[in-house]
Amino acid sequence: EGLAAFRTFLKSEFSEENVEFWLACEDFKKTKSSTKIALKAQKIYSDFIQADAPKEINIDFHTKNDISQNISEPTLSCFDAAQSSIYCLMAKDSFPRFLRSEVYKELVRKHQDRNQKRWLPFL
């Protein structure tokens, strides 16, 4: 529920590609088959990294350039620098704003209500 609320918040700020990229990287790092590694890496690259990608993330030129040069022979760590950069961006920028947002406040209220009802079954 927390992730869904954070994604809703990012969508309202037109930056949901950041969490989508981070999640795609987490999934990618669990990939076992070398064929799937190449396919998933190419998908992440075309969705998030390459110029004019539909969900292009905001990373520095050097990180983008390193990925572009190595995408033909991807490793499970090929997106680590970009993922770390996006994580830091969310941690320092988006997430603190999320914690002050109405989306977050509503999530907290909902969970407080649920917890209270658990302890007071007669309500």
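Residues numbered from 1 in each chain as written. Predicted model: local features only at pLDDT ≥ 70, side-chain atom pairs only at ≥ 80, totals over all residues. Heavy atoms only, no water.

As annotated in an unreviewed UniProt entry, the protein chain carries the name RGS21 protein and is attributed to Pycnonotus jocosus.

Participant: Explanation requested: the overall build of the protein chain in the structure shown.
Facilitator: Looking only at helices and strands, one finds six helices and zero strands in the protein chain. Its helices and strands in sequence order give the protein chain the pattern α-α-α-α-α-α, from N to C terminus. Taking 123 residues into account, the globule formula puts the C-alpha radius of gyration at 14 Å, and the protein chain, at 18 Å, lies well above it. Over its C-alpha atoms, taken along the principal directions, the protein chain stretches across nearly 60 × 30 × 20 Å. Out of the 123 residues belonging to the protein chain, those deemed buried represent 31%. A separation of at least 24 residues holds for 59% of the contacts in the protein chain among residues at least 6 apart in sequence. (Helix = DSSP H or I, 4+ residues; strand = E, 2+ residues; numbered from the N terminus. Rg over C-alpha atoms; globule rule 2.2 N^0.38 Å. Buried < 20%, exposed > 50% of the residue type's maximum accessible area, 1.4 Å probe, protein only. Contact = heavy atoms within 4.5 Å.)

Participant: Would you mind going over the nonpolar core with me for this structure?
Facilitator: Most often, soluble globular proteins have nonpolar side chains that are buried together. Of all hydrophobic cores here, the largest spans 25 residues; its most connected members are Phe21, Ile49 and Phe79. Ranked by the residues each element gives to this core, the list is headed by helix H3 (residues 34–49), at six residues. When sequence neighbours within four positions are dropped, the list of residues in contact with Ile49 reads Phe21, Ile44, Glu56, Ile57, Ile59, Lys64, Ile67 and Phe79. (Core = buried A, V, L, I, M, F, W, Y, C linked by side-chain atoms within 4.5 Å.)

Participant: Honestly, the packing of helix H1 (residues 2–12) against helix H2 (residues 17–28) in this entry has me stumped. Any pointers?
Facilitator: Packed helix pairs are characterised by how far apart their axes lie and by the angle those axes make with each other. Where H1 meets H2, the axes come as close as 8 Å, and the angle between the chain directions of the two elements is 135°. It follows that H1 is oblique to H2 by the angle criterion. Two secondary-structure elements touch here, H1 through Leu3, Phe6, Arg7 and Leu10 and H2 through Val19, Glu20 and Leu23. (Axes fitted to C-alpha atoms, helices over the stretch in contact; angles between N-to-C directions. Parallel < 35°, antiparallel > 145°, perpendicular 65-115°, else oblique.)

Participant: Help me out: how do you make sense of the UniProt feature "domain: RGS" (unreviewed entry) in the protein chain in this one?
Facilitator: Mapped onto this numbering, the UniProt entry gives "domain: RGS" (unreviewed entry) at residues 1–108. For the annotated span residues 1–108, helix accounts for 70% and strand for 0% of the residues, and the straight-line distance between the end C-alpha atoms is 11 Å. (UniProt positions renumbered as here; feature names shortened; annotations may be inferred.)

Participant: How should the pattern of salt bridges be read in this particular structure?
Facilitator: Side-chain pairs of opposite charge can arise where the charged atoms are in close proximity. On inspection of all chains with the given rule, the structure shows twelve salt bridges. For Glu20, the salt bridge identified is with Lys55, shortest N-O distance 3.0 Å. With Glu20 in helix H2 and Lys55 in the loop between H3 and helix H4 (61–70), the pair connects residues that are 35 residues apart, well separated along the chain. One salt bridge connects Arg109 with Glu102, and the closest N-O pair in it is separated by 3.8 Å. For Glu102, a relative accessible area of 53% corresponds to the exposed category. Through salt bridges that share partners, Glu102, Lys105, Glu106 and Arg109 make up one connected network. (Salt bridge = Lys/Arg side-chain N within 4 Å of Asp/Glu carboxyl O.)

Participant: Just checking my understanding: could you explain unusual backbone geometry for this structure?
Facilitator: Generally, phi is negative for residues other than glycine and the peptide bonds are trans, each holding for most cases. Positioned with a positive phi, Phe14 is a non-glycine residue whose angle comes to about 60°. With respect to the helices, strands and loops of the structure, Phe14 is situated in the loop between H1 and H2. Even without being a glycine, Asp52 presents a positive backbone phi close to 65°. Mapped onto the fold, Asp52 is located in the loop between H3 and H4. Judged by its relative accessible area of 73%, Asp52 falls in the exposed class.

Participant: Can you walk me through the packing of aromatic side chains in this structure?
Facilitator: The tally for this structure, following the rule as stated, stands at nine aromatic pairs. An angle of 75° between the planes, with centres 5.4 Å apart, marks the rings of Phe6 and Phe95 as edge-to-face. Highlighted residues: Phe6 in helix H1 and Phe95 in helix H5 (residues 80–99), separated in sequence by 89 residues. Residue Phe6 is classed as buried on the basis of its relative accessible area, which comes to 8%. (Phe/Tyr/Trp six-rings, centres within 6.5 Å; stacked < 30°, edge-to-face > 60°.)

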